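One-letter residues, chain by chain:
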Amino acid sequence: MRLTLVRNATLLLETSRGRVLVDPMLRAAGTTPPIEDTPNPRRNPLVELPLPAADVVRGVGVCIVTHLHGDHFDDAAAELLPRDLPLLTQPESVEGLLGRGFTNVETEDADWPLTRGRHGTGDVGAALGAVSGRVVDGVYLAGDTIWCDEVAEALERHRPRAVVVNGGGARFNEGGPIVMDAADVRRLRAATDAVVVVVHLEAMNHCVEPREAYRAIDGVLVPDDGETFDL
């Protein structure tokens, strides 16, 4: 598989089914307010796309939407994607995608199974709702999750050759991280022999840990926006 980080959690994958887009956030930098009650109150996204949004969606045959938070699927993506494009998502997001006019929304895929995670702990995690990941051609896209039993179970069950992790230690002003921080990535690194790739960095105001925090971890790859890796 060839993986290109576009920005945040937006990925382009070259797979056994062709070109796949993951969690498209395609709006221009600074066009939406900061996420409320979080550190670093700057307008989002913090950085521009590394290529035009129309180029991001060109030639895409499948789109994976892990959940419907605005930094994973936004209005700009909804406007650009064809309404009949096959979308793979979690059950909790089906109604929202159908409501945007998409007509080919599925949750089950025998070859690319859904995984689960936890978008934080306690009341915050409950309020943020269900999240998911997906195993695509032996690469585990963990999605917005902290290190938790669900992630450990996915590693044990699917034995991926690579794991793509949403890092940044995103958080609110009170409570713990709602995605993996560097400590969680170290736990994951110790639990698997797979290649670990960390994305979801330096693009949203609530993500507090920079790329350097993850590049300091042995065996972890941290792409820049627009960079491509072969996995």
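Note: the structure precedes this text.
Residues numbered from 1 in each chain as written. Predicted model: local features only at pLDDT ≥ 70, side-chain atom pairs only at ≥ 80, totals over all residues. Heavy atoms only, no water.

**Q** Teacher, can you tell me more about the pairing of strand S8 (residues 132-136) here?
**A** Within a regular strand, the side chains alternate between the two sheet faces. The buried count for S8 comes to 5 of 5 residues, which makes it a mostly enclosed element. Both faces of S8 are covered, namely the face carrying Ser 132, Arg 134 and Val 136 and the face carrying Gly 133 and Val 135. In the sheet, strand S7 (residues 114-116) pairs with S8 via 3 bridges, with the strands oriented antiparallel. The partner of Arg 116 across the bridge, within S8, is Ser 132. The pairing of S8 with strand S9 (residues 139-141) spans 3 bridges and is classified as antiparallel. By the bridge assignment, Arg 134 is partnered in S9 with Leu 141. (Buried < 20%, exposed > 50% of the residue type's maximum accessible area, 1.4 Å probe, protein only. Helix = DSSP H or I, 4+ residues; strand = E, 2+ residues; numbered from the N terminus. Pairing = 2+ DSSP bridges.)

**Q** Any chance you could explain unusual backbone geometry here in plain terms?
**A** The linkage connecting Asn 44 with the following residue, Pro 45, adopts the cis geometry, with an omega of -20°. Locating Pro 45 in the fold gives a position in the loop between strand S3 (18-22) and helix H1 (53-57). Although it is not a glycine, Asn 40 sits at a positive phi angle of roughly 60°. Relative to the helices and strands, Asn 40 is located in the loop between S3 and H1. Of note, the phi angle at His 200 is positive, near 70°, even though the residue is not glycine. With respect to the secondary-structure elements, His 200 resides in the loop between strand S11 (195-199) and helix H7 (211-215).

**Q** Looking at this model, I keep getting lost on helix H6 (residues 182-191). Mind explaining?
**A** Residues spaced three or four apart along an α-helix face the same direction, because each turn holds 3.6 residues. If you check which residues of H6 are buried, you get Ala 182, Asp 184, Val 185, Leu 188 and Arg 189. Along the axis of H6, the buried residues cluster in a sector spanning 155°; they form a single face. In this structure, the buried side of H6 is in contact with helix H5 (149-158), strand S10 (162-166), S11, H7 and strand S12 (220-221). (Arc of directions from axis to C-beta. Contact = heavy atoms within 4.5 Å.)

**Q** Looking at this model, I keep getting lost on the layout of surface pockets. Mind explaining?
**A** In this approach the atoms are scanned with a rolling probe the size of a water molecule, which exposes any empty space left behind. Its boundaries defined by the atoms lining it, the largest pocket holds a volume of some 240 Å³. Together, 17 residues line the largest pocket, and Ile 35, Gly 70, Asp 71, Met 204 and His 206 are the ones closest to its centre. In this model, the second largest pocket occupies a volume close to 160 Å³. Lining of the second largest pocket is provided by Trp 147, Ala 152, Leu 155, Glu 156, Arg 159, Pro 160, Ala 191, Thr 192, Asp 193 and Ala 194. The element contributing the most residues to the lining of the second largest pocket is H5, with 3 residues. Looking at the lining of the second largest pocket residue by residue, the class counts come to 6 nonpolar, 1 polar and 3 charged. (1 Å grid on protein atoms, 1.4 Å probe; cavity = no way out; pocket = protein on both sides within 12 Å on 5 of 7 lines; lining within 4 Å. Points joined across faces, edges and corners; volume = space filled by probe spheres on them. Nonpolar A, V, L, I, M, F, W, Y, C, P; charged D, E, K, R; others polar.)

**Q** Would you mind going over empty space enclosed by the protein with me for this structure?
**A** The tally for this structure, following the rule as stated, stands at 1 cavity of 30 Å³ or more. In this structure, the largest cavity occupies an estimated 60 Å³ of space. Residues belonging to the lining of the largest cavity are distributed by class as follows: 7 nonpolar, 2 polar and 1 charged.

**Q** I tried to follow the pattern of salt bridges on my own but got confused; where do I start?
**A** Between side chains of opposite charge, pairing is possible as soon as their charged atoms come close. Overall, the coordinates contain 15 salt bridges when judged by the stated rule. Ionic pairing is found between Asp 109 and Arg 17, a salt bridge with its closest N-O pair at 2.7 Å. One end of the pair, Asp 109, is in the loop between strand S6 (105-106) and S7; the other, Arg 17, is in the loop between strand S2 (10-15) and S3, with 92 residues separating them in the sequence. We note a salt bridge from Arg 211 to Asp 225, for which the minimum N-O separation is 2.9 Å. With a gap of 14 residues between them, Arg 211 in helix H7 and Asp 225 in the loop between S12 and strand S13 (228-230) connect regions that are remote in the sequence. For Arg 211, a relative accessible area of 6% corresponds to the buried category. Residue Asp 225 is classed as partly exposed on the basis of its relative accessible area, which comes to 24%. Via salt bridges that share partners, Glu 202, Arg 211, Arg 215, Asp 224 and Asp 225 belong to a single interconnected network. (Salt bridge = Lys/Arg side-chain N within 4 Å of Asp/Glu carboxyl O.)

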